[in-house]
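Topology and contacts: notes
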Amino acid sequence: MDAFVLVILITMGSGEDLKSFEIRMNKDSQSECLKDAETFQFPLPIISIETRCEPVVENKPDTQGVGVLT
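So, a few notes on the structure that sits alongside this text. (Residues numbered from 1 in each chain as written. Predicted model: local features only at pLDDT ≥ 70, side-chain atom pairs only at ≥ 80, totals over all residues. Heavy atoms only, no water.)

It is worth spelling out the nonpolar core at this point. Of all hydrophobic cores here, the largest spans seven residues; its members are Phe4, Leu6, Ile8, Ile10, Cys33, Ala37 and Ile49. Sorting the residues of this core by element identifies strand E1 (4–14) and helix H1 (30–38) as the ones contributing at least two each. In terms of residues, this core owes the most to one element, E1, which gives four residues. Leu6 has contacts with Ile23, Arg24, Met25, Lys27, Cys33, Asp36, Ala37, Phe40, Thr51, Arg52 and Cys53, leaving out every residue within four places of it along the chain. (Core = buried A, V, L, I, M, F, W, Y, C linked by side-chain atoms within 4.5 Å. Buried < 20%, exposed > 50% of the residue type's maximum accessible area, 1.4 Å probe, protein only. Helix = DSSP H or I, 4+ residues; strand = E, 2+ residues; numbered from the N terminus. Contact = heavy atoms within 4.5 Å.)

What follows covers a nonpolar patch on the surface. Residues Met12, Phe21 and Ile23 make up a contiguous nonpolar surface patch of roughly 230 Å² in combined accessible area. In this fold, Met12 is placed in strand E1. (Patch = residues over 30% accessible without salt bridge, like charges linked within 9 Å, V, L, I, M, F, W, Y side chains within 5 Å. Areas by Shrake-Rupley, 256 points an atom, 1.4 Å probe, with all protein chains shown as cover. Salt bridge = Lys/Arg side-chain N within 4 Å of Asp/Glu carboxyl O.)

This part is about the pattern of salt bridges. Tallied over the entire structure, the rule returns five salt bridges. Two residues, Glu22 and Arg24, come together in a salt bridge whose shortest N-O distance is 2.9 Å. Using a relative accessible area of 46% as the deciding quantity, one classes Arg24 as partly exposed. Measuring nitrogen to oxygen at the nearest pair gives 4.0 Å for the salt bridge that ties Glu22 to Arg52. With Glu22 in strand E2 (residues 17–27) and Arg52 in strand E3 (residues 47–55), the pair connects residues that are 30 residues apart, well separated along the chain. By relative accessible area, Glu22 is classed as partly exposed at 40%. Using a relative accessible area of 38% as the deciding quantity, one classes Arg52 as partly exposed. Sharing partners across several salt bridges, the network here consists of Glu22, Arg24, Arg52 and Glu54.

Structure follows, in structure tokens:
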């Protein structure tokens, strides 16, 4: 089963006074993600909502150590 993240970007305001925030929701499959993304597609006067589905990429452990100079 592939894992996806539904990313919802919400921008509010007008002109130079724009405020944005992002919500990320884990989904079990791409089809579930796309279906849920459609529920956020509605027009509002001063609020912009953009959605996208991104595959989850597993993080590989960082093999480089961090040194401290004394």
